[in-house]
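# Descriptive structure summary
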Amino acid sequence: MGKILVGGEVCLKGEIPVQGSKNAALPIMAGAILHRGYTVLHNCPRISDVYNMEQMLKDFGAGTRWEGHTLILDCSQICGTAVEEGLCGRMRSSVMLMGSMLGRCGRVQIGYPGGCVIGKRPIDYHLKLFADMGAAIERKGRQLVLSCKELKGVRHRFPRPSVGATENGILAAVYAREPVILENCAREPEIRHLCAFLRCMGADIEGDGTGSICIAGNSRLHDGEYTIPADRIAAGTLVLSGAVTRGQVSLVGAPREELDELLKVYEKMGGQFSWNGGTLLTDSRRVRNNVGEVTTAVHPGFPTDLQSPLMAVCCTLEGVSRIRETIFEDRFRVAGQLSRMGARIRIMDNEAMVEGPVRLTGCAVRAQDLRGGAALVVAGLAARGQTVVECQEYIERGYESFYEEINLLGGRIVKIDSKT
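Residues numbered from 1 in each chain as written. Predicted model: local features only at pLDDT ≥ 70, side-chain atom pairs only at ≥ 80, totals over all residues. Heavy atoms only, no water.

## Observations regarding the overall build of the protein chain
Looking only at helices and strands, the protein chain has 13 helices and 23 strands in total. The C-alpha atoms of the protein chain give 21 Å as radius of gyration, which agrees with the globular expectation for 420 residues (22 Å, within 12%). Expressed as lengths along the three principal axes of its C-alpha atoms, the size of the protein chain is roughly 60 × 45 × 40 Å. Looking at the protein chain as a whole, 58% of its 420 residues are labelled buried. For the protein chain, the proportion of contacts with a sequence separation of at least 24, taken over those separated by at least 6, is 72%. Roughly 16,100 Å² of accessible area belongs to the protein chain as shown, and the carbon and sulfur atoms make up 46% of that amount. For the protein chain, the distance from the average position of its 50 positive side-chain charges to the average position of its 47 negative side-chain charges is 3 Å. (Helix = DSSP H or I, 4+ residues; strand = E, 2+ residues; numbered from the N terminus. Rg over C-alpha atoms; globule rule 2.2 N^0.38 Å. Buried < 20%, exposed > 50% of the residue type's maximum accessible area, 1.4 Å probe, protein only. Contact = heavy atoms within 4.5 Å. Areas by Shrake-Rupley, 256 points an atom, 1.4 Å probe, with all protein chains shown as cover. Lys, Arg positive; Asp, Glu negative; His and termini not counted. Charge placed at Lys NZ, Arg CZ, Asp CG, Glu CD.)

Put into structure tokens, the structure is as follows:
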């Protein structure tokens, strides 16, 4: 495992473009399998999770080629149906291949998905839907084998909104025999992006962005191009990096309609912002106020993926900030690492009380998940001295050029490879 050295007591200032969205790119790449031909994805982030998904597609028989940030996929010759278990264990989004491979090939053998340990994250909702659509499900040790002659149309209601299960259902339904109606769906922007991608390839889908999505089935897909949208979580992390350093950060291409809840919290701190075309300009020189109470929620609520970086900023604010986590039961793991830096954080059930301001001090800390790792970098930017963040590989699962971007804004981050 590698590590990064984060120099503290900096003030970030400057302009940075926002990377393509990880959470949009991965299900869209899985969706490319449905088409027996070419798919061109522009603005695709070059991150480890995307590379892992690319490798899975190649294992199935897909051809792949990069041209800068454009990923060209040739899925005309899919011949395999098994996902290598080691790859499944590295990322949660491997689960998306169940829906697309059932639709394309009628069979998939896949290990239980891995990724960050931030909660139980079961796949029961996915499997119940596939069973309702006519798939047989067999468990072979650590592997699942799903098969069907033909997926049938159903009206299926999820017990609670699930982003992954909604996306998987959409992917599986594209080639279903009859229409599929999914109810109590998640409404995250990435679901709208997936549906927009599939529509540009010829699928008939209505209702995305609402709780009820109808997929006509029996689709005839064709070659297509799609531009991956900007990453709302990467943009939010940069906003919070500016806030913790009391800097002035401008984000080119920020997804305006997807940052509303974050910017409401940012204003509570004393942050100021404006829009100039597609650029978000933030000014954190007056940031000092606690945020009161922030509760994570499914979209359009405050995103759970920004909860950890927000906690790091709250350590530097006056008074007590309360953060309630309602999505993942183990999202507060980073609190222990922040406490090593001097943070005063009390955890009671699903609520964290962050008392500030404190003078954070750099020390050796360990990233335990993607967003928690980013939070440690955010904290390190404000800390006295140097912070050493171990296991930086977690961070690189979702951020393409985070360290370089911070350095361009005036930060001091050095990456030390594990071989060094």
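Here the narrative resumes.
## Focus on the confidence of the model for the protein chain
Any segment with low pLDDT has predicted coordinates that should not be analysed in fine detail. A residue-level look at the protein chain finds 97% of positions with pLDDT of 70 or above and a mean pLDDT of 94. Segment residues 115-120 is flagged for pLDDT under 50; beyond a separation of four residues in sequence, or across chains, it makes 20 contacts in the model. (pLDDT = per-residue confidence, 0-100.)

## Focus on the packing of aromatic side chains
A full pass over the atoms with the stated rule returns four aromatic pairs. Note on F402 and Y403: the rings are 6.5 Å apart at their centroids and 40° apart in plane angle, and the pair reads as tilted. For the pair shown, F402 and Y403 are each scored as buried. Each residue in the set Y399, F402 and Y403 is aromatic and connected to the rest through ring pairs, giving one cluster. When the ring centre of W66 is taken as origin, the NZ or CZ atom of R46, which lies over that ring, is 4.4 Å away. (Phe/Tyr/Trp six-rings, centres within 6.5 Å; stacked < 30°, edge-to-face > 60°. Lys NZ or Arg CZ within 6 Å of the ring centre and 35° of its normal.)

## With respect to unusual backbone geometry
Between H299 and P300 the backbone carries a cis peptide bond, its omega angle lying at 15°. Summarising the element assignment, P300 is placed in the loop between strand 17 (293-295) and helix 10 (307-314). The backbone of E9 shows a phi angle near 55°, a positive value even though the residue is not glycine. Mapped onto the elements of the fold, E9 is located in the loop between strand 1 (3-7) and strand 2 (13-17). Its relative accessible area of 47% is what places E9 among the partly exposed residues.

## Some points on the packing of helix 1 (residues 22-32) against helix 7 (residues 189-200)
Where helix 1 contacts helix 7, the two axes come as close as 9 Å, and the packing angle between them is 30°. Our classification of the angle between helix 1 and helix 7 gives roughly parallel. Regarding helix 1 and helix 7, the two cross each other, and that crossing is right-handed. When helix 1 is examined against helix 7, the residues N23, A24, P27, I28, G31 and A32 are found in contact with a partner set consisting of E190, H193, L194 and F197. Looking at the contact of helix 1 with helix 7 residue by residue, the classes come out as six nonpolar, three polar and one charged. (Axes fitted to C-alpha atoms, helices over the stretch in contact; angles between N-to-C directions. Parallel < 35°, antiparallel > 145°, perpendicular 65-115°, else oblique. Left-handed = near helix turned anticlockwise from the far one by under 90°. Nonpolar A, V, L, I, M, F, W, Y, C, P; charged D, E, K, R; others polar.)

## Observations regarding the packing of helix 6 (residues 163-173) against helix 7
At their nearest, the axes of helix 6 and helix 7 sit 10 Å apart, and the two run at 10° to each other. By the criterion of interaxial angle, the relationship of helix 6 to helix 7 is roughly parallel. Packed against helix 6, whose contacting residues are V163, T166, E167, I170 and L171, the element helix 7 presents E190, I191, L194, C195 and L198 at the interface. A per-class count over the contact of helix 6 with helix 7 returns seven nonpolar, one polar and two charged.

## Brief notes about the sheet that holds strand 10 (residues 180-183)
Taken in spatial order, the four strands make up an open sheet running 9-10-12-11, and their pairing is mixed. With one partner strand each, in any of the chains shown, strand 9 (155-157) and strand 11 (205-206) form the two edges of the open sheet. Where strand 9 meets strand 10, three bridges bridge the pair, whose relative direction is parallel. Of the residues in strand 10, the one forming a bridge with H156 is L182. (Pairing = 2+ DSSP bridges.)

## Quick notes on the side chain of S21
Assignment of secondary structure puts S21 in the loop between strand 2 and helix 1. Given the relative accessible area of 2%, S21 is considered buried.

## Notes on the pattern of salt bridges
Overall, the coordinates contain 17 salt bridges when judged by the stated rule. Here D49 and K22 are joined by a salt bridge, their closest N and O atoms 3.7 Å apart. Taken together, the positions of D49 in helix 2 (residues 48-60) and K22 in helix 1 put the pair 27 residues apart, joining distant regions of the chain. There is no split in this pair, since D49 and K22 are both buried. Among the ionic pairs, D305 bridges to R371, the shortest N-O distance being 3.9 Å. Separated by 66 residues along the polypeptide, D305 in the loop between strand 17 and helix 10 and R371 in helix 12 (residues 370-382) bring together distant segments of the chain. Looking at R371, the relative accessible area reads 3%, which means it is buried. Taken together, the shared-partner salt bridges connect K22, D49 and R397 into one network. (Salt bridge = Lys/Arg side-chain N within 4 Å of Asp/Glu carboxyl O.)

## What to know about the side chain of Q143
Following the sequence through the fold, Q143 ends up in strand 8 (residues 143-147). For Q143, a relative accessible area of 10% puts it in the buried group. Polar contacts involving the side chain of Q143 include one to the side chain of Q109, which spans 3.4 Å. If near-sequence neighbours (up to four positions away) are discounted, Q143 is found in contact with V83, E85, Q109, I110, G111 and E138. (Polar contact = N/O pair within 3.5 Å; in protein donor to acceptor, adjacent residues only side chain to side chain.)

## So, helix 7
Compared with the 16 Å implied by 1.5 Å per residue over twelve residues, the 17 Å span of helix 7 between its first and last C-alpha is a close match. Those residues of helix 7 that sit buried are P189, E190, I191, H193, L194, C195, F197 and L198. (Expected span 1.5 Å × (residues − 1).)

## Examining helix 2
In an α-helix, one full turn covers 3.6 residues, which means residues spaced three or four apart are oriented alike. For helix 2, with 13 residues, the first-to-last C-alpha span of 19 Å sits near the 18 Å given by 1.5 Å per residue. Within helix 2 the residues assigned to the buried category are D49, V50, N52, M53, E54, M56, L57 and F60. Taken together, the buried residues of helix 2 touch helix 1, strand 4 (63-67), strand 5 (70-74), helix 3 (85-88) and helix 4 (96-105). In the segment just after helix 2, G61 is the residue with positive phi, at about 120°.

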